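# Examination of the molecular architecture
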Amino acid sequence: MAPPMSASTFLAALEHEGLTVVQVGDWRRHNRNHKGPWGPVHGVMIHHTVTSGSARTVELCRKGHADLPGPLCHGVITKDGRVHLVGYGRANHAGLGDDDVLRAVIAEKRLPHDNEANTDGNRHFYGFECENLGDGEDPWPAAQLEAIEKVSAAVCRHHGWTERSVIGHLEWQPGKIDPKGFTMAAMRERIRDRLK
C-alpha cells in the first residue's frame, strides 16, 4: 500500500528520469477527487487515445467530454515523447476492472486474465494516455515508446515497484484493447532493464 506521491515529487521524478515535461494549466489541482479517494496507489496504467494531433489530444485528455469529464489521465505522452501533465489526483482513466488483476499487481505476480469489472481502478493507478489512433497501424515512434518506458520507470522507482506494477488498460478491463501496436510484455521488459 502506497500513498500517491505529491504533485511536486511526481514532477521531479519524471524530470529526473530524463523526460521532457510540459505542465498544462493548473494540473496539480485538476482532478476528480470529489468523486472518491485517490489511493492507495498500486501501479501504472498505459492507454492509447484513439486521437491524432498532439494539441487536440492533450486538450481532450485535460477537459474530457460530455460523457466523461476530465482529467482522463495524469499525463499525455505525445508522439514526440513529451509528457503533458493535465491532472493530478483521481482521474477518469481506468474505470472498473478485475480485482484479481489488482491483487496480482499488488503482489507483482503474473497477471490473470481479466474477466470482471468490479473494482475501481481510478483510485489505484497512475494513468498515462498515449497519442495513437489505436488501430494497430498508426506508428509508435521510438521517442514515444521511450517516454512510456521512462514514465513507468520513474513511478516504479519512487515507490520501489518492479515492472510488474505496470499494466495496459487491456489487462485491467474486459473488452479494452489499449494500448494496441506494441505488447505490454515487451514494454515491461524495457522497464525492467531501465530499473536495473
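Residues numbered from 1 in each chain as written. Predicted model: local features only at pLDDT ≥ 70, side-chain atom pairs only at ≥ 80, totals over all residues. Heavy atoms only, no water.

### Focus: the nonpolar core
Counting residues in each nonpolar core, the largest one holds 36 residues, and the members touching the most others are Phe10, Leu14, Ile46, Tyr126, Phe128 and Ile148. Counting only elements with at least two residues in this core, the list comes to helix H1 (7–16), strand E2 (43–48), strand E6 (83–85), strand E9 (125–130), helix H4 (142–159) and helix H5 (184–195). Looking at this core element by element, the count peaks at eight residues for H4. If sequence neighbours within four positions are ignored, Ile148 has contacts with Ile46, Ile77, Cys130, Trp140, Phe182 and Met187. (Core = buried A, V, L, I, M, F, W, Y, C linked by side-chain atoms within 4.5 Å. Buried < 20%, exposed > 50% of the residue type's maximum accessible area, 1.4 Å probe, protein only. Helix = DSSP H or I, 4+ residues; strand = E, 2+ residues; numbered from the N terminus. Contact = heavy atoms within 4.5 Å.)

### Let's talk about the packing of H1 against H4
With their axes 9 Å apart at the nearest point, H1 and H4 run at an angle of 125° to one another. Comparing the axis directions of H1 and H4 gives the class oblique. For the crossing formed where H1 meets H4, the hand is right-handed. For the pair formed by H1 and H4, the contact residues are Thr9, Phe10, Ala13 and Leu14 on the first element and Val151, Ala154, Val155 and His158 on the second. Across the contact of H1 with H4, the residue classes break down as six nonpolar, two polar and no charged. (Axes fitted to C-alpha atoms, helices over the stretch in contact; angles between N-to-C directions. Parallel < 35°, antiparallel > 145°, perpendicular 65-115°, else oblique. Left-handed = near helix turned anticlockwise from the far one by under 90°. Nonpolar A, V, L, I, M, F, W, Y, C, P; charged D, E, K, R; others polar.)

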